[in-house]
Amino acid sequence: MDPSKPETFNHRTDLLSTGRTYHFVDQVPENYKHGETPVLLLLHGFPDLWYAWRNQIGPWCRHGWRVIAPDMLGYGGTSKPYEASEYTTDKISKDLSALLDFLTLERVIVIGHDWGSYAAGKFCQWQGNRVQAVAMLAAPLIPRLPVFLSLEAIAEKLPDWNYMVFMASDRSPALFDKNTALGIDILFRSSKTWIKGITSNNGLENVLESGEAGRGDLLNDEELAYYTQNLEGGFRGPTNWYRAFELSWQVETVANVNQVIPTALPAVFVQPMEDPTAPQGAIDAMKTIVPGLEIIQYEGAGHWILLDRADDVSRDLMAWIDKVLEQKGKL
């Protein structure tokens, strides 16, 4: 498991009962005991891959845990439905549950970053019986309102979420497909080289069109090439996560899905303090539906904490999970 060599991880691709094919990395530790050894399910966000977790998989597996990191729906080697209706939270959750069924796993510890954080929280709401604990990184789980609030309306209240309006538009896939390496490099940046205003006032779209961005500081040339190779020409699926926002609200509302993650289910949010897409107001709102939420804060950190705070994430979540497992063992 060399983070600089993706081929050194254990890759699998399998057809699930939902009819979708999922590519995933599955790292099994020494002395693994099926049904006893803790299992981590790692969910990435946009525009990412299983590769998001390359720095965490090794440490967590060597700690004695099985680690499963899929390419999420629409990404990499996983199925890429064209229609946004295939990306609603109920269907994503059914896929994750089907993956666990395929691997004959009853319950897992779910960890998500960005859209993966959102998916982790929604998995708890839809399929909470499959989750032992949940860690959500960088993207807060916002409450579902009784009346739908569009991305445009949300962006008026939270200007740094304006980029989501562009992502949900039909313009975004073509621009990212045309400028894949640039688009990835624009986003993967620490707080030191983050392009100010890129998340508001159509900033992301403008930079993609102009190409004036300079080189980011989080991906080396080999890493950028790996992302480009696996995402090039395929941004309809990844951006469908944004287009499915209203559709998911409709499905959840009709099903009257319980939003509250019970205190019996351990939950932690890792908050990068310099991430403009994780405003404090959204995190405060999150606490209303995750009453037992613990928070780990990283001062000076931007959105991509899996990279620029890789060792901290590995260590801190390892300690948190160890604490959770110890407490559960005492029950």
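Rules of the game
- Residues numbered from 1 in each chain as written.
- Predicted model: local features only at pLDDT ≥ 70, side-chain atom pairs only at ≥ 80, totals over all residues.
- Heavy atoms only, no water.
- UniProt positions renumbered as here; feature names shortened; annotations may be inferred.
- Buried < 20%, exposed > 50% of the residue type's maximum accessible area, 1.4 Å probe, protein only.
- Helix = DSSP H or I, 4+ residues; strand = E, 2+ residues; numbered from the N terminus.
- Pairing = 2+ DSSP bridges.
- Right-handed = clockwise from strand over helix to strand, strands pointing away.
- Polar contact = N/O pair within 3.5 Å; in protein donor to acceptor, adjacent residues only side chain to side chain.

- The name that an unreviewed UniProt entry assigns to the chain is Alpha/beta-hydrolase, with the source organism given as Dacryopinax primogenitus.
- Checking UniProt for the chain, the heading Sequence similarities (unreviewed entry) contains the comment "Belongs to the AB hydrolase superfamily. Epoxide hydrolase family."

1. Some details on the pairing of strand 3 (residues 39-43)
- The element strand 3 is largely enclosed, with a buried count of five among its five residues.
- The side-chain alternation of strand 3 yields two buried faces, one formed by Val-39, Leu-41 and Leu-43 and the other by Leu-40 and Leu-42.
- One ladder, built from three bridges, connects strand 3 with strand 4 (residues 66-70); its direction is parallel. Note that in strand 4 the partner of Leu-41 across the bridge is Ile-68.
- Handedness of the β-α-β unit built from strand 3, helix 1 (residues 54-62) and strand 4 comes out right-handed.
- As paired elements, strand 3 and strand 5 (residues 108-113) share four bridges and run parallel to each other. In the strand pairing of strand 5, Leu-42 is matched with Ile-111.

2. Here's the deal with the environment of Asp-170
- Mapped onto the elements of the fold, Asp-170 is located in the loop between helix 5 (163-168) and helix 6 (172-178).
- Under the relative-accessibility criterion, Asp-170 is labelled exposed at 61%.
- Each C-alpha atom, one on Asp-170 and one on Ser-314, is 37 Å from the other, the two residues being 144 residues apart in sequence.
- A polar contact is formed between the side chain of Asp-170 and the side chain of Arg-236, at a distance of 3.4 Å.

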